[in-house]
Amino acid sequence: MVKIRLMRVGKKKQPSYRIVVVEEATKRDGAVIQVIGHYNPLSKTDELTVDVEKALGWLEKGAQPTEAARRLLSRAGVMKLWHERRFGKPASGADPLPS
């Protein structure tokens, strides 16, 4: 099974993370299939960058995000777009389409 998860990079006590697509059995810092973004929690603005099209492509192929990755993808708006593509309607809590 393919997972979307975080891979820790950075110096000791200065973590930053890559959002990566990996096989489920791969170690935390093992071989990756593709890097789809990065996250730096130590910057003043919690720097988060996600390639939305790559992330949506992997979700459509069946990749399962971990809880931490799901939160970051939600913050970037990817999970909402994926829900709309999958079910053809806005996610709950979103404004309905004007008639």
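One structure accompanies this document, and this report is about it. Since the structure is predicted, the reported quantities are computational estimates derived from the model, not experimental observations. (Residues numbered from 1 in each chain as written. Predicted model: local features only at pLDDT ≥ 70, side-chain atom pairs only at ≥ 80, totals over all residues. Heavy atoms only, no water.)

Observations concerning the nonpolar core
- Within the largest apolar cluster, 18 residues are counted, with the highest numbers of intra-cluster contacts made by Ile4, Ile36, Trp58, Leu73 and Val78.
- Elements supplying a minimum of two residues to this core: strand E1 (2–11), strand E2 (14–23), strand E3 (34–40), helix H1 (52–60), helix H2 (67–75) and helix H3 (78–87).
- Ignoring any residue separated from it by four or fewer positions in sequence, one finds Leu73 in contact with Ile4, Val50, Ala55, Pro65, Val78 and Met79. (Core = buried A, V, L, I, M, F, W, Y, C linked by side-chain atoms within 4.5 Å. Buried < 20%, exposed > 50% of the residue type's maximum accessible area, 1.4 Å probe, protein only. Helix = DSSP H or I, 4+ residues; strand = E, 2+ residues; numbered from the N terminus. Contact = heavy atoms within 4.5 Å.)

Examining the pattern of salt bridges
- Taken as a whole and assessed by the stated rule, the structure comprises 4 salt bridges.
- Across the pair Asp46 and Arg75 runs a salt bridge, and its minimum N-O distance is 3.8 Å. Taken together, the residues Asp46 in the loop between E3 and strand E4 (47–50) and Arg75 in helix H2 connect sequence positions 29 residues apart.
- Residue Arg85 is joined to Glu60 by a salt bridge in which the shortest nitrogen-to-oxygen separation is 3.1 Å. One end of the pair, Arg85, is in helix H3; the other, Glu60, is in helix H1, with 25 residues separating them in the sequence.
- Here the salt bridges do not stand alone but share partners, grouping Glu53, Glu60 and Arg85 into one network. (Salt bridge = Lys/Arg side-chain N within 4 Å of Asp/Glu carboxyl O.)

Describing the sheet that holds E1
- Pairing is mixed in the open sheet, where 5 strands are placed in the order E4-E3-E2-E1-E5. A strand with exactly one partner marks an edge of an open sheet, and here the two such strands are E4 and strand E5 (64–65).
- When E1 meets E2, the two strands line up antiparallel, connected through 10 bridges. Residue Arg8 lies in a different strand from E2, and its bridge partner there is Tyr17.
- Running at roughly 120° to E3, H1 makes contact with E1, E2, E3, E4 and E5 of the sheet.
- H2 rests against E1, E2, E3, E4 and E5 of the sheet, and its axis sits at about 90° to E1. (Pairing = 2+ DSSP bridges. Axes fitted to C-alpha atoms, helices over the stretch in contact; angles between N-to-C directions.)

Section: the packing of H1 against H3
- It is the contact of H1 with H3, at a shortest axis distance of 10 Å, that shows an interaxial angle of 50°. Taken together, the axes of H1 and H3 are oblique relative to one another. Taken as a pair, H1 and H3 cross one another with a handedness that is right-handed. Counting all contacts with H1, which are made through Val52, Glu53, Ala55, Leu56, Leu59 and Glu60, the residues of H3 involved are Val78, Met79, Leu81, Trp82 and Arg85. (Parallel < 35°, antiparallel > 145°, perpendicular 65-115°, else oblique. Left-handed = near helix turned anticlockwise from the far one by under 90°.)

Points about the pairing of E4
- Two strands pair when backbone bridges link them, and E3 and E4 are joined in this way by 4 bridges, in the antiparallel orientation. Bridge pairing in E4 links Gly37 to Val50.
- Between E3 and E4, which pair antiparallel one after the other, the connecting turn spans 6 residues, and Asp46 there sits at a positive phi close to 45°.

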